[in-house]
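Next come the chains, spelled out residue by residue.
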Amino acid sequence: MATPHVPAAAGDLTPELLGTPEWTDQMVAAAGIPMHDIPFLTAGGGIGSFVTVDYLRIYGVPTSHIRVVSNIDYPWQTYEFLTRCSQIPRPERIRSDSSSRPDNIWGFPSYALEEAWKEKNPRYLWNVLTEPLLNDYWTPRAGTVFENLEREAKRIGYWDMLVKGQVRMVRKRVGGGYFTVVTPPEGTAPTKRIVFRSRFVHLAVGYPGLKFLPDLQEFRQKYGDYQHVVNAYEPHEQVYEFLKTRPGTVVIRGGGIVASRVLQRLFDDREKYNLQTQIVHIFRTFITGSHGPHIWMRRKGGDGWAYQGFNYPKSVWGGQLKAEMRKLEGAARAQKYKDMGGTNTPKRRRWQEQMAQGRAGGYYHAFQGVVEKVEPAPDGRLVSHVRSKDGTIRQPVADYIIDCTGLEADIAEHRVFADLLQYSGAYRNPVGRLEVERHFEVKNTASGDGALYASGSATLGGYFPGVDTFLGLQVAAQEIADDLARRGFCRKMGPVRSTTQWFKWAFNSPV
Amino acid sequence: MVPTLFGRIQTRLFLLATVGVIVTLIIVPFLPGTSGPIGDLYATGFMVLVSVAVLGVIWEFIYHFLMQFRWEKDWPTLFGLLTFINEGLLLFFLLRTGILDSIADAPPAGAFWTHFIVVWLCVWLVANGPMRVPFIRWRFRGGRVL
Ligand SMILES: Cc1cc2nc3c(=O)[nH]c(=O)nc-3n(C[C@H](O)[C@H](O)[C@H](O)COP(=O)(O)OP(=O)(O)OC[C@H]3O[C@@H](n4cnc5c(N)ncnc54)[C@H](O)[C@@H]3O)c2cc1C
């Protein structure tokens, strides 16, 4: 990295900078913001940044050409936080399959092979052989994923590339490339901002924000109660702790995997501690059986749920649906997303058993309904006013409400995307997120010989649907690395070099 | 790898031309119940291999069609293994009819099944993992090699 240009003034954003879409080097220098040169910068530092950097390191880019700007210390930090809140501690198994390995660009050996080898347990191999026909999909333990990410991060020198800070915006540079404005943690830099000047920038900032169901949001604000109405992605151990002290009722909202996980926790606790917990489960869309437009497109479902192993049909990560979507534009693309979309959860045998027991035992009640409002009852508990499609009105009273409906806010809630949409020519795709090319370059944001890429949930709705998953982030990373190779930033990866690099991975030797 | 139609066909042809050829070269001299000049045995062995490839292209169309009934448009690993039964039986009976006798002698049953199953297993094993090592784009392209 070149030595920073010495700042002249305050080192903060000026009105001139804020209002100008494309900046010159002089403008930045005049504002007194220290400037560092780095050819490739990735913003975010989560799983998406990690797999991209992993690809580039394996393709041969030295650590001195890459910086990861992030507000977290290690790439799986946010993921681990969200999974732990939503009831997947390290020993539990995650959703994605055996060969979705963010620490290994080849996906071989798969996690199942590794766990089978380490634990001398051939049953895992039998499981992957017979899934999803005779068995549920085999999926790795969260702990296995994190340990392997740590090993790979060390191997590629991840922490040599990490810069702590909050990315404020990315702007085009007159003459090519981009400026990334970063707010370093307080007390770590002499100025309020620092700027990186790069030819390539990659955005992988994850979810723009937590989104609440509007009626729950209203309740929380109106009554200032953030304890009894919770989102499953927030820490909410208090719910489970309370239920251990006395019998209680919980309302669950949502029909996705997070609802399944929360239910499992409630059922497990009920059994383990001999509790009396009553569970009321409200589905906005209640699925009663196989559903879909025609015989070629029918998904299994029942008891309220739509069943699917992963968050998209499996072939979006490499098969037919990936190939089909790659060709679609505009309304046709949006329609295809609609056809295969919708909230869903895997049909796991354990979960099915627990729910069946709950229904038989009269402590699990699931029904279709739209919640019109939530109010406190005279005894301080929570009354939900629920109207079902057939006109039935129910008013379940509960001690806690857990919102399991998802966490995706509009992309413009994220400052970096809002700025990009306003100043850099980026625009929305047919489902309202960031429109990217097939190689994940943000459309309409090219700057000279530079390129701006994005991956992760913000790019859902593009030519590739499975973006917000480990494997999807790796698909994006590969497209980006290959595009960078085409532009001469790194060497192409052919079969021989790939094999050599794989052996390095296997022996845990540096790239 | 979740295949597309072209991916299936390419993967099959590629793996038979590599793994299949190597396995055939190694295994033919040791096949049970065979006799005669080694050149003839290899002619028979490669005739079987080529037939698996040619008939396989037709089979792949059928598998692709059947896959359309699956919501996920996927092809479970086990299907890839068990389809040796239908393919093996069809080929075995075709060879019995003698339609390929002008090219090479049909192998005895023991030799045919040993050869066929060993090739099948090796191809299936390579397709379910090691193939991804040299070809990092293969699994994201529905099994296309080109
Ligand atoms: C509960 C849960 C379970 C999941 N399970 C699976 C699974 O089993 N398999 C699977 O394949 N996928 C799973 N996913 C989906 C997805 O793979 C993960 O969420 C993954 O972490 C997404 O990676 P990312 O890089 O896009 O986001 P993250 O890993 O969240 O990383 C983005 C990072 O950017 C940081 N950031 C944001 N803004 C800025 C800024 N301005 N400056 C600096 N840093 C910033 C954030 O703090 C965050 O740490 C799951 C998601 C959730 C929520």
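Residues numbered from 1 in each chain as written. Chains lettered and ligands numbered in written order. Predicted model: local features only at pLDDT ≥ 70, side-chain atom pairs only at ≥ 80, totals over all residues. Heavy atoms only, no water.

A. The arrangement of the domain arrangement of chain A in detail. Each domain of chain A was delimited in the assignment, giving domain 1 (15-63 + 163-208 + 410-496) and domain 2 (214-288 + 344-403). Each of domain 1 of chain A and domain 2 of chain A has a C-alpha centre, and these two points are 40 Å apart. (Domains from an automatic or database assignment.)

B. Seen up close, the interface of chain A and chain B. Facing the 46 residues of chain A at the interface are 31 residues of chain B. With both sides pooled, the region where chain A packs onto chain B buries about 3,100 Å², and carbon together with sulfur makes up 60% of that total. Applying the counting rule to chain A against chain B returns one salt bridge. B:Arg137 is the partner of A:Asp482 in a salt bridge, and the nearest nitrogen-oxygen pair spans 2.7 Å. Applying the counting rule to chain A against chain B returns 18 residue pairs in polar contact (both at pLDDT 80 or more). Looking at the side of chain A that touches chain B, the elements that each hand over two or more residues are helix H3 (47-59), helix H6 (123-130), strand E14 (297-299), helix H12 (320-325), helix H13 (330-340), helix H16 (470-486) and helix H17 (495-506) of chain A. A total of five residues in the side of chain A that touches chain B trace back to one element, the largest contributor, which is H16(A). The class makeup of the residues in the side of chain A that touches chain B is 24 nonpolar, 15 polar and seven charged. (Contact = heavy atoms within 4.5 Å. Buried area = accessible area lost by both parts, 1.4 Å probe. Salt bridge = Lys/Arg side-chain N within 4 Å of Asp/Glu carboxyl O. Polar contact = N/O pair within 3.5 Å; in protein donor to acceptor, adjacent residues only side chain to side chain. Helix = DSSP H or I, 4+ residues; strand = E, 2+ residues; numbered from the N terminus. Nonpolar A, V, L, I, M, F, W, Y, C, P; charged D, E, K, R; others polar.)

C. Expanded view of the UniProt feature "transmembrane region" (unreviewed entry) in chain B. All names here are of chain B. Under the present numbering, the feature "transmembrane region" (unreviewed entry) in UniProt falls on residues 12-31, 43-66, 78-99 and 111-131. Between the C-alpha atoms that bound residues 12-31 the distance is 23 Å, and the span itself is 80% helix and 0% strand. As annotated, residues 111-131 comprises 81% helix and 0% strand, and the C-alpha atoms at either end are separated by 27 Å. (UniProt positions renumbered as here; feature names shortened; annotations may be inferred.)

D. Highlighting the site of the ligand. Residue and element names in this part refer to chain A. In the region of the ligand, 29 residues are neighbours, and Gly-48, Asn-71, Thr-78, Ser-96 and Phe-470 sit closest. For the ligand, an oxygen atom lies 2.6 Å from a polar atom in the backbone of Gly-48. Between an oxygen atom of the ligand and a side-chain N or O atom of Thr-78, the distance comes to 2.5 Å. Protein chains shield 91% of the accessible area of the ligand, which is 970 Å² for the free molecule. If you list the elements that add at least two residues to the shell around the ligand, you get H3, helix H4 (77-85), strand E6 (166-173) and H16. Here the element with the most residues in the shell around the ligand is H4; it accounts for four residues. (Near = heavy atom within 4 Å. Areas by Shrake-Rupley, 256 points an atom, 1.4 Å probe, with all protein chains shown as cover.)

E. Broad picture of the packing of helix H2 (residues 38-67) of chain B against helix H4 (residues 84-96) of chain B. All names here are of chain B. Relative orientation of the contacting elements H2 and H4 amounts to 130°, with a least axis distance of 10 Å. Judged on the interaxial angle alone, H4 and H2 are oblique. You can see that H2 and H4 cross each other, and the crossing is right-handed. Together, Met-47, Val-48, Ser-51, Val-52, Leu-55, Gly-56, Trp-59 and Tyr-63 of H2 and Asn-86, Glu-87, Leu-90, Leu-91, Leu-94 and Leu-95 of H4 make up the contact between the two elements. (Axes fitted to C-alpha atoms, helices over the stretch in contact; angles between N-to-C directions. Parallel < 35°, antiparallel > 145°, perpendicular 65-115°, else oblique. Left-handed = near helix turned anticlockwise from the far one by under 90°.)

F. Quick peek at a nonpolar patch on the surface. A surface patch of nonpolar side chains, amounting to about 650 Å² of accessible area, comprises A:Ile295, A:Trp296, B:Ile58, B:Ile62, B:Phe65, B:Leu66 and B:Phe69. Its place among the elements puts A:Ile295 in the loop between strand E13 (291-294) and E14. (Patch = residues over 30% accessible without salt bridge, like charges linked within 9 Å, V, L, I, M, F, W, Y side chains within 5 Å.)

G. Representation of the side chain of B:Arg139 within the structure. Position of B:Arg139 among the secondary structure elements: in the segment after helix H5 (109-127). Buried and unpaired, B:Arg139 has no salt bridge, with A:Asp97 as the nearest side chain of opposite charge at 6.7 Å. From its side chain, B:Arg139 meets the backbone oxygen of A:Ser99 in a polar contact 3.1 Å long. There is a polar contact of 3.3 Å between the side chain of B:Arg139 and the backbone oxygen of A:Ile105. Aside from chain neighbours lying at most four places away, what touches B:Arg139 is A:Ser99, A:Asn104, A:Ile105, A:Trp106, A:Gly107, A:Trp317, A:Gly318, A:Leu471, A:Gln474, B:Met1 and B:Arg132. (Buried < 20%, exposed > 50% of the residue type's maximum accessible area, 1.4 Å probe, protein only. Lys, Arg positive; Asp, Glu negative; His and termini not counted.)

H. Examining helix H15 (residues 415-423) of chain A more closely. Residues and elements named next belong to chain A. Within H15 the residues assigned to the buried category are Val-416, Phe-417, Asp-419 and Leu-420. An end-on view of H15 places all buried positions within 160° of arc, on one side of the element. More than 90 degrees from the buried face of H15, the exposed residues found are Arg-415 and Gln-422. As for H15, its buried residues are in contact with E6, strand E9 (200-203) and strand E23 (451-454). (Arc of directions from axis to C-beta.)

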